[in-house]
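Below are the chains, spelled out letter by letter.
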Amino acid sequence: MPTRVVWNCATHACMYVHGVLSVSCLSHPTSCCSAAEVMSVLFFHTMRYKADDPRNQCNDRFVLSKGHAAPVLYAAWSEAGFIKESDLLNLRKIDSDLEGHPTPKLDFVDVATGSLGQGLGASCGMAYTGKNFDKSSYRVYCLLGDGECSEGSVWEAMAFASYYELDNLVAILDVNRLGQSEAAPLKHDMDTYRKRCEAFGWNTYVVDGHDVEELCKAFWQAQQVKGKPTCIVAKTFKGKGLKNIEDLDNWHGKPIPKDRVDDLLNDLQAQIQVPNKILCPQLPNDDAAPADLSPICMPSPPAYNKGDKIATRRAYGLALAKLGQASQKVVALDGDTKNSTFSDMFKKAFPERYIECFIAEQNMVGVAMGCATRDRTVAFASTFAAFFSRAYDQIRMGAISQSNVNLVGSHCGVSIGEDGPSQMALEDLAMFRAIPTCTVFYPSDGVSTERAVELAANTKGICFIRTSRPDTAVIYSPDEKFEVGVAKVVRQSDSDQVTVIGAGVTLHEALAAADMLASEGKNIRVIDPFTIKPLDASTILASARATGGQIITVEDHYKEGGLGEAVLSAVGSEPGIVVTRLAVSGVPRSGKPQELLDIFCISAKHIANAVRQTFAN
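Residues numbered from 1 in each chain as written. Predicted model: local features only at pLDDT ≥ 70, side-chain atom pairs only at ≥ 80, totals over all residues. Heavy atoms only, no water.

Enquirer: Any chance you could explain the overall build of the protein chain here in plain terms?
Expert: Summing up its helical and strand segments, the protein chain has 21 helices and 19 strands in all. Along the three orthogonal principal directions, the C-alpha set of the protein chain runs to about 90 × 50 × 40 Å. Looking at the protein chain residue by residue over its 617 residues, the buried ones come to 62%. Here the analysis covers contacts within the protein chain between residues at least 6 apart in sequence; of these, 78% occur between residues at least 24 apart. Counting every atom, the protein chain has about 23000 Å² of accessible surface; 49% of that belongs to carbon and sulfur. (Helix = DSSP H or I, 4+ residues; strand = E, 2+ residues; numbered from the N terminus. Buried < 20%, exposed > 50% of the residue type's maximum accessible area, 1.4 Å probe, protein only. Contact = heavy atoms within 4.5 Å. Areas by Shrake-Rupley, 256 points an atom, 1.4 Å probe, with all protein chains shown as cover.)

Enquirer: Looking at this model, I keep getting lost on the domain arrangement of the protein chain. Mind explaining?
Expert: Reports often express the size of an interface as the amount of accessible area lost when the parts come together. Each assigned domain of the protein chain is listed with its residue range as follows: domain 1 (9-271), domain 2 (310-474) and domain 3 (488-615). Centre-to-centre, using C-alpha coordinates, domain 2 lies 25 Å away from domain 3. The interface of domain 2 with domain 3 comprises 36 residues on the first partner and 33 residues on the second. Interface area for domain 2 against domain 3, summed over the two sides, is near 2500 Å², with a carbon-plus-sulfur share of 62%. When the buried area of domain 2 at its contact with domain 3 is split by residue, Leu426, Arg433 and Tyr442 rank highest and sum to 28% of it. On the surface where domain 2 and domain 3 come into contact, there are 0 salt bridges. Counting residues per element, the side of domain 2 that touches domain 3 draws most heavily on helix H15 (residues 428-433), at 5 residues. When its residues are assigned to classes, the side of domain 2 that touches domain 3 shows 21 nonpolar, 9 polar and 6 charged. (Domains from an automatic or database assignment. Buried area = accessible area lost by both parts, 1.4 Å probe. Salt bridge = Lys/Arg side-chain N within 4 Å of Asp/Glu carboxyl O. Nonpolar A, V, L, I, M, F, W, Y, C, P; charged D, E, K, R; others polar.)

Enquirer: Sorry if this is basic, but what is going on with the pattern of salt bridges here?
Expert: Close approach of charged atoms lets side chains of opposite charge pair. Counted according to the given criterion, the structure contains 29 salt bridges. Its salt-bridge partner being aspartate 107, residue arginine 55 comes within 3.7 Å of it at the nearest N-O pair. Of this pair, arginine 55 sits in the loop between helix H3 (36-46) and strand S1 (61-64) while aspartate 107 sits in the loop between helix H4 (70-80) and helix H5 (119-133), placing them 52 residues apart in sequence. The exposure class of arginine 55 is partly exposed, given its relative accessible area of 30%. For aspartate 107, a relative accessible area of 38% puts it in the partly exposed group.

Enquirer: Would you mind going over the environment of tyrosine 205 with me for this structure?
Expert: Within the secondary structure, tyrosine 205 is located in strand S4 (residues 203-208). With near-sequence residues (within four places) excluded, tyrosine 205 lies in contact with Ala218, Gln221, Ala222, Val225, Thr230, Cys231, Ile232 and Val233.

Enquirer: For this particular structure, what's the right way to read the UniProt feature "domain: Transketolase-like pyrimidine-binding" (unreviewed entry) in the protein chain?
Expert: In the numbering adopted here, UniProt assigns the feature "domain: Transketolase-like pyrimidine-binding" (unreviewed entry) to residues 310-474. Within residues 310-474, the helical portion is 39% and the strand portion 19%, while the C-alpha atoms at the span's ends are 7 Å from each other. (UniProt positions renumbered as here; feature names shortened; annotations may be inferred.)

Enquirer: Would you explain the packing of helix H13 (residues 361-372) against helix H14 (residues 392-400) in this entry?
Expert: The angle between the axes and the distance between the axes are what describe a pair of packed helices. Two elements in contact, H13 and H14, have axes separated by 8 Å at closest approach and are oriented at 20°. As summarised for this structure, H13 and H14 are arranged roughly parallel, according to the angle between their axes. Between H13 and H14 the crossing geometry is right-handed. Contact residues: Gln362, Val365, Gly366 and Met369 in H13; Gln394, Ile395 and Gly398 in H14. A per-class count over the contact of H13 with H14 returns 3 nonpolar, 4 polar and no charged. (Axes fitted to C-alpha atoms, helices over the stretch in contact; angles between N-to-C directions. Parallel < 35°, antiparallel > 145°, perpendicular 65-115°, else oblique. Left-handed = near helix turned anticlockwise from the far one by under 90°.)

Enquirer: Would you take a moment to explain the sheet that holds strand S3 (residues 169-175) for this structure?
Expert: Within a sheet, adjacent strands bond to each other through the backbone by hydrogen bonds, running parallel or antiparallel. The parallel open sheet is built from 5 strands, whose spatial order is S1-S2-S3-S5-S4. A strand with exactly one partner marks an edge of an open sheet, and here the two such strands are S1 and S4. Within this sheet the neighbouring strands show an average axis-to-axis angle of 20°, counted without direction. Strand direction decides the pairing type here: strand S2 (residues 140-145) and S3, joined by 6 bridges, are parallel. Within S3, the position partnered with leucine 143 by the bridge is isoleucine 172. Along the sheet, H3 contacts S1, S2 and S3; its crossing angle with S2, the most-contacted strand, is approximately 175°. Contacts from H5 reach S1, S2 and S3 within the one sheet, and its direction differs from that of S2 by about 170°. (Pairing = 2+ DSSP bridges.)

Enquirer: Where do I start with the pairing of strand S10 (residues 406-410) in this structure?
Expert: For S10, a buried count of 5 out of 5 residues is recorded, marking the element as mostly surrounded by other parts of the structure. Residues of S10 alternate between two faces, with Asn406, Val408 and Ser410 on one and Leu407 and Gly409 on the opposite face, all of them buried. Pairing geometry for strand S9 (residues 378-384) and S10, over 5 bridges, is parallel. Across the sheet, phenylalanine 380 pairs through a bridge with asparagine 406, a residue of S10.

Enquirer: It is not clear to me how the environment of serine 27 should be interpreted in this structure. Could you clarify?
Expert: Within the secondary structure layout, serine 27 lies in the loop between helix H1 (4-24) and helix H2 (29-33). Given the relative accessible area of 6%, serine 27 is considered buried. Put simply, serine 27 and glycine 100 are 73 residues apart on the chain and 8.0 Å apart in space, counted from C-alpha to C-alpha. Not counting the four nearest positions on each side in its chain, serine 27 is found in contact with Pro71, Arg92, Gly253 and Pro255.

Enquirer: Before we go on, may I ask you to explain the sheet that holds strand S8 (residues 354-356) in this structure?
Expert: Spatial ordering of the open sheet is given by S8-S7-S9-S10-S12-S11-S17, a layout of 7 strands whose pairing is mixed. This sheet does not close on itself; its edge strands, each paired only once, are S8 and strand S17 (531-533). On average, adjacent strands in this sheet sit at an angle of 20° to one another, irrespective of strand direction. Pairing geometry for strand S7 (residues 330-334) and S8, over 3 bridges, is parallel.

Enquirer: Would you mind showing me how to read H5 here?
Expert: The α-helix winds at 3.6 residues per turn, so residues separated by three or four positions along the chain end up facing the same way. Taking 1.5 Å of rise per residue, 15 residues should cover 21 Å, and H5 covers 20 Å from first to last C-alpha, within 8% of that figure. Taken from the residues just after H5, lysine 135 is the one with a positive phi, measuring 50°. (Expected span 1.5 Å × (residues − 1).)

Enquirer: Looking at this structure, I do not really get the confidence of the model for the protein chain. What am I missing?
Expert: Caution applies to low-pLDDT regions: their predicted coordinates should not be interpreted in detail. Of all residues in the protein chain, 95% have pLDDT values of 70 or greater, and the mean over the chain is 94. The secondary-structure element of the protein chain with the lowest mean pLDDT is H1, recorded at 50, while strand S11 (residues 439-441) shows the highest, at 99. Within the model, the stretch residues 1-9 combines pLDDT values under 50 with 18 contacts to residues more than four positions away or in other chains. (pLDDT = per-residue confidence, 0-100.)

Below, the structure written as structure tokens:
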């Protein structure tokens, strides 16, 4: 239990935090002050970590979900000795990594926050990894604001943590009553917060968030609880300790006026109690192995023969299970679609490394990012590609987080058929192409799918693998080599007059069109891009020049942002090249796959007609 010395240490840290923030914070000082005591108790009483090695695999984890309070985090690490106090004065400046919201440019930040409602999902992934994969004693702490509790993703994470009994996870709700523009919905209704958290299966304590001893006790009690995550609901006041600012509206995100700084600082300095010893966090247990950074290679070549038929979604499941044999680091997640994405093959082979996230795609992506932090796992998360649109904000934040998570979307395009437009991913290439760290794989057969999985496991940044529902022929031999950003010319001759670029289902339609045209004495070159981002511009340009500058792209995707626009971007500065784009032109409907390919003019016969039109011109 806490001693008076601990209380003095935490109080000193807390007042230090208040003082630094009031002078150096360019924004959000009031949001920081409400959390000062919580941060002080966490960093200088409860958490175990090596202050000089923030990314150590054995350290307790901390996620600041209310990312706008970044300065309170920076102040804590300054008090711990990792940041120079003078560096705090460079907060939010262009040449400083102490940005307005935390990012992993800083060694003590695992995931970027600031888009609210996401920190707890990532914390769940870290806690699940610690408990079930690392089997380590490190604990995970996540500080949330009361305003972000209006986000549904928070409650997805609450349900997940309870279901998986993550007793190494503690969430702290900083209930300071005030949001950005007005009071949060529940204001200081602490009993309702308690009931909601308990209803989601969490061990819950309601405390005075400015009472150091109460906080010390609650965190100690949380460590004794088994089988449940803990939520500490802390009643706080925005701007605590700042006279004529505390608990008042219209101070969110505003710096302290210069003419008031001195008076506020003097008032805070008078409250500081100097402890008789230097603050020093407890060291962690040395019970987690260093990250294994070795490459992951498939244990054997693909077991397909040319002409075999297999859907790329099924080939993904087989490849993932095979990759799981090669490395214990590989883990899989799914959103209750595992018998359609075929991630169930991994689950059957390695049930202890599979996480069922149920129908909560935002949380699934957040959990996957949490699992992948500090290189603890190589995570593959799968669902229908259309449903990743629901988690786009998490994916966007994943790029800012420098995450290496792998996302696999099945059931792309109109070729899924009768299920109809709600299940058809027709925007996903545009979505993922816009993510700055993302590699976009679009394999077209079983061999290339297996190689895409292997490459994704070893590629930094976010990877997206787009898989299809229909069975398609294997067109590559098992020893075919694949590289990120290198396309395959799958059909060519010296007399080719048009270059046709397809991917997935449309590559096979393009090959069928090539056969039709060959019977008429017309030859075309057919390219499989393999990765849509990065796109192999040099191969496309060389083929275009060899075929009179004529390119036709055909894609099972909307025209906006897809394969055609990627090709246009690649060749746009080259004179004499004409790109004709065949794509899904409107919201589709249910129907047989071939009917839908025909309706939207992306089937073999329409590709052949587009080529004939090019010849005619």
